[in-house]
Amino acid sequence: MAIDARTSTTHEPVGRAAALLLLAGGVGFFAGGGLHPKDDGHGDKLAQLHSMLVDPAWYPAHVVLLVGMTGFAAGIVALRWRGGQPRHLERLLAVAAPVAVVAALGAVVHLFAATQATAIEDGSSTWLVHLFTGVETVVNPVWGVTIAALAAVGATAGIGNRVVAPLGVVGGLAYALAVATIAFTDTFDVLFPVGSLLGLWAVAVAVVAGSPSIHRQMGSPKGR
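Draft legend 1. How the structure looks around the overall build of the protein chain. Each helix and strand counted, the protein chain has 11 helices and zero strands in total. Taking contacts inside the protein chain between residues at least 6 apart in sequence as the whole, the part at least 24 apart equals 75%. For the protein chain, the accessible area works out to roughly 10,700 Å², and carbon and sulfur atoms hold 69% of it.

In structure tokens, the structure reads:
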């Protein structure tokens, strides 16, 4: 019984590998969002998209975002493989891991969407444009909501804490709403900067994982 108790109290819910991957994911997501080109505000949604696709910042921004989304996916997969979490968190990770992987693949689609700038300018549509739109309005919102859920549920099991959790919850929901509606309205575009809180959440989770004292001081279950 003494061995079991010692094992349960020393088990790290996040682990070094997952923490480092989430750190890379958070930095990439936050930095990529800052680099992302802005539309020129003229014309309809297709014209605005075209203005971003031809911006020289498109490729650098989306390479960094791809690194971020890949870091998120790899970190969540590492959490899933690590095991030892409460059952309700393991069930959520079983869903979050494939969602994150699909979202990372979607980031590849985003990166190469700029190759369709001429077709969009001519008023044409291609399979890649349709795929890009689907990733933007379906996959990414699901990813945002999933990360928000992971931030909320994970805070009860040592993934972050109750102080860090709001960054992921607010950031995830704001990002989900912004990307789900971007193809139809500009109303929620102002939420994209709020969505960058997702990157800060991932960084904060990594920092908390590396500092047991922060666990105790900020309300992680580990310190209770």
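Draft legend 2. Layout of the packing of aromatic side chains. If you walk through the whole model with that rule in mind, you get six aromatic pairs. Here Phe29 and Trp143 contribute two aromatic rings whose centre-to-centre distance is 5.5 Å and whose plane-to-plane angle is 45°, an arrangement assigned as tilted. With a gap of 114 residues between them, Phe29 in helix H2 (residues 16-35) and Trp143 in helix H7 (residues 127-154) connect regions that are remote in the sequence. Trp143 shares its class with Phe29; the two are buried. With centroids separated by 5.2 Å and ring planes inclined at 80°, the aromatic side chains of Phe72 and Trp143 adopt a geometry described as edge-to-face. Note that Phe72 is positioned in helix H4 (residues 58-82) and Trp143 in helix H7, a separation of 71 residues in sequence. Residue Trp143 is classed as buried on the basis of its relative accessible area of 1%. An aromatic cluster of at least three residues, connected via ring pairs, comprises Phe29, Phe72, Trp143 and Tyr175.

Draft legend 3. Representation of the side chain of Ser196 within the structure. Note on placement: Ser196 falls in the loop between helix H9 (192-195) and helix H10 (197-209). By relative accessible area, which is 18% here, Ser196 ends up buried. Only 2.4 Å separates the side chain of Ser196 from the backbone oxygen of Pro193, close enough to count as a polar contact. If near-sequence neighbours (up to four positions away) are discounted, Ser196 is found in contact with Phe29 and Phe30.

Draft legend 4. Fine view of helix H8 (residues 165-181). Helix length check: H8 (17 residues) gives 25 Å between terminal C-alpha atoms against 24 Å at 1.5 Å per residue, within 8%. If you check which residues of H8 are buried, you get Ala165, Gly168, Gly171, Gly172, Ala174, Tyr175, Ala176, Ala178, Val179 and Thr181. As for H8, its buried residues are in contact with H2, H7, H9 and H10.

Draft legend 5. Just the nonpolar core, in detail. By size, the foremost hydrophobic cluster in this structure holds 42 residues, and its most contacted members are Val14, Phe29, Phe72, Ile76, Trp143 and Trp201. Sorting the residues of this core by element identifies H2, H4, helix H5 (87-112), H7, H8 and H10 as the ones contributing at least two each. Grouped together as the second largest cluster of nonpolar side chains are 13 residues, Met52, Trp58, Ala113 and Ile120 included.

Draft legend 6. A look at the packing of H7 against H8. Where H7 contacts H8, the two axes come as close as 7 Å, and the packing angle between them is 165°. The orientation of H7 relative to H8 falls into the category roughly antiparallel. Regarding H7 and H8, the two cross each other, and that crossing is left-handed. Across the interface between the two elements, Glu136, Thr137, Asn140, Pro141, Trp143, Gly144, Val145, Ala148, Ala151 and Ala152 from H7 touch Ala165, Gly168, Val169, Gly172, Leu173, Tyr175, Ala176, Val179 and Ala180 from H8.

Draft legend 7. Structural view of a nonpolar patch on the surface. Together, Leu20, Leu23 and Val27 make up a nonpolar patch on the protein surface, roughly 250 Å² of accessible area in all. The topology assignment puts Val27 in helix H2.

Draft legend 8. Expanded view of the confidence of the model for the protein chain. Per-residue pLDDT for the protein chain averages 86, and the proportion of residues at 70 or more is 88%. The secondary-structure element of the protein chain with the lowest mean pLDDT is helix H1 (residues 2-10), recorded at 37, while H8 shows the highest, at 97. This model gives residues 1-10 a pLDDT under 50, and the stretch forms one contact once residues within four places in sequence are excluded. Within the model, the stretch residues 213-224 combines pLDDT values under 50 with 26 contacts to residues more than four positions away or in other chains.

Rules used in this analysis
- Residues numbered from 1 in each chain as written.
- Predicted model: local features only at pLDDT ≥ 70, side-chain atom pairs only at ≥ 80, totals over all residues.
- Heavy atoms only, no water.
- Helix = DSSP H or I, 4+ residues; strand = E, 2+ residues; numbered from the N terminus.
- Contact = heavy atoms within 4.5 Å.
- Areas by Shrake-Rupley, 256 points an atom, 1.4 Å probe, with all protein chains shown as cover.
- Phe/Tyr/Trp six-rings, centres within 6.5 Å; stacked < 30°, edge-to-face > 60°.
- Buried < 20%, exposed > 50% of the residue type's maximum accessible area, 1.4 Å probe, protein only.
- Polar contact = N/O pair within 3.5 Å; in protein donor to acceptor, adjacent residues only side chain to side chain.
- Expected span 1.5 Å × (residues − 1).
- Core = buried A, V, L, I, M, F, W, Y, C linked by side-chain atoms within 4.5 Å.
- Axes fitted to C-alpha atoms, helices over the stretch in contact; angles between N-to-C directions.
- Parallel < 35°, antiparallel > 145°, perpendicular 65-115°, else oblique.
- Left-handed = near helix turned anticlockwise from the far one by under 90°.
- Patch = residues over 30% accessible without salt bridge, like charges linked within 9 Å, V, L, I, M, F, W, Y side chains within 5 Å.
- Salt bridge = Lys/Arg side-chain N within 4 Å of Asp/Glu carboxyl O.
- pLDDT = per-residue confidence, 0-100.

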